[in-house]
Amino acid sequence: MMNVTVCQSCGMPLTTPAQFGTETGGNTTREYCIYCYKEGKFEQPDITLEGMIEMCTAILNQEGMDEESARSMLRNQLPFLKRWNASGSERKNVTFGAELSEESADLNQTTRNNTLSIEPIRYVTLPGKRLAGVSARTTNAIEMSGKGCIQGLWNSYFASDYQPTPEAPRYGCYADYTDGINGEYTILVGHEVGPDEALPEGVNSVELPPATYAVFTSRKGPMGEVVGEAWGAVWSWNNQGERTFTGDFELYDERSLDPENVQVDLYIAVRQG
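All values derive from a computational prediction rather than experimental measurement.

**Here we look at the side chain of R71**
Piece 1. Position of R71 relative to the elements: it lies in helix α2 (residues 67-77).
Piece 2. Owing to a relative accessible area of 7%, R71 belongs among the buried residues under this scheme.
Piece 3. One polar contact links R71 to E54, side chain to side chain, over a distance of 2.8 Å.

The following block contains the structure:
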């Protein structure tokens, strides 16, 4: 499987060789984009993390994303990237304050016993699953543009009559990838159903094959913050080449009943062994 990644400075998905940064002498690097890193040097060597967030917020806003949504997403994701991670790839955990103020230059304020690992907390092998709910086709570029569908799918799912018991786990599933993180995929919001269960009209399903998963677990906090942070850890993970894209999912169980104090697991399909 292709080794897809994001720029470890600005978070931009690197989809073509033309976007890769260059080392001294012109060799390309997949760690950084050409806009951040050229000829072995950062284009803006003195920019701060806060400055990078504001610059990228302006770019995403020009591309149609709501300014506050863009800033919130970047605050959740950029601190995990190699350029901004205090000890580079060696640091395994990041701690967070309950809130991040607009003026704060230190996005990694510490709070006791609320730690998010930027490495998988475990690997598990699971049998196949059939998930059913509401779904759509989208891309990361669309979701980052402010014109995405994921939040709408969650709203539609919880407004529907097709619901299991309140304590049953819910899933945000990403499947049928065409080109890893770069192309289209199906997003399905729903719950697990039996392999032969008949589904009501308008309800879609996704079949996940048996797979091994790297599991990332978020800190506890508001859903809109902690899920983005957890995905930021996935995107900055050094072992992107392990991903198989046979289907990934977010698991919302009994730890997710209070939307202001959620803890979610991300299951990322990887090669066995």
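Next comes the rest of the description.
**Some thoughts on the state of the cysteines**
Think of a disulfide as a covalent bridge from one cysteine sulfur atom to another cysteine sulfur atom.
Piece 1. For the coordinates displayed, the defined rule picks out zero disulfides.
Piece 2. C10 provides the cysteine sulfur closest to C7, a residue in no disulfide bond, and the two sulfurs are 3.8 Å apart.
Piece 3. Of all cysteine sulfurs in the structure, the one in C33 sits closest to C36, which takes part in no disulfide; the separation is 3.7 Å.
Piece 4. By relative accessible area, which is 7% here, C36 ends up buried.

**A look at the environment of K129**
Piece 1. Within the element layout of this structure, K129 appears in strand β10 (residues 129-138).
Piece 2. For the pair formed by K129 and V193, sequence separation is 64 residues and the distance between their alpha carbons is 8.0 Å.
Piece 3. Apart from residues lying up to four places away in sequence, K129 is in contact with Y171, E192, V206, E207, L208 and F249.
Piece 4. There is a polar contact of 3.5 Å between the side chain of K129 and the side chain of Y171.

What counts, and at which threshold
- Residues numbered from 1 in each chain as written.
- Predicted model: local features only at pLDDT ≥ 70, side-chain atom pairs only at ≥ 80, totals over all residues.
- Heavy atoms only, no water.
- Helix = DSSP H or I, 4+ residues; strand = E, 2+ residues; numbered from the N terminus.
- Buried < 20%, exposed > 50% of the residue type's maximum accessible area, 1.4 Å probe, protein only.
- Polar contact = N/O pair within 3.5 Å; in protein donor to acceptor, adjacent residues only side chain to side chain.
- Disulfide = S-S within 2.5 Å.
- Contact = heavy atoms within 4.5 Å.

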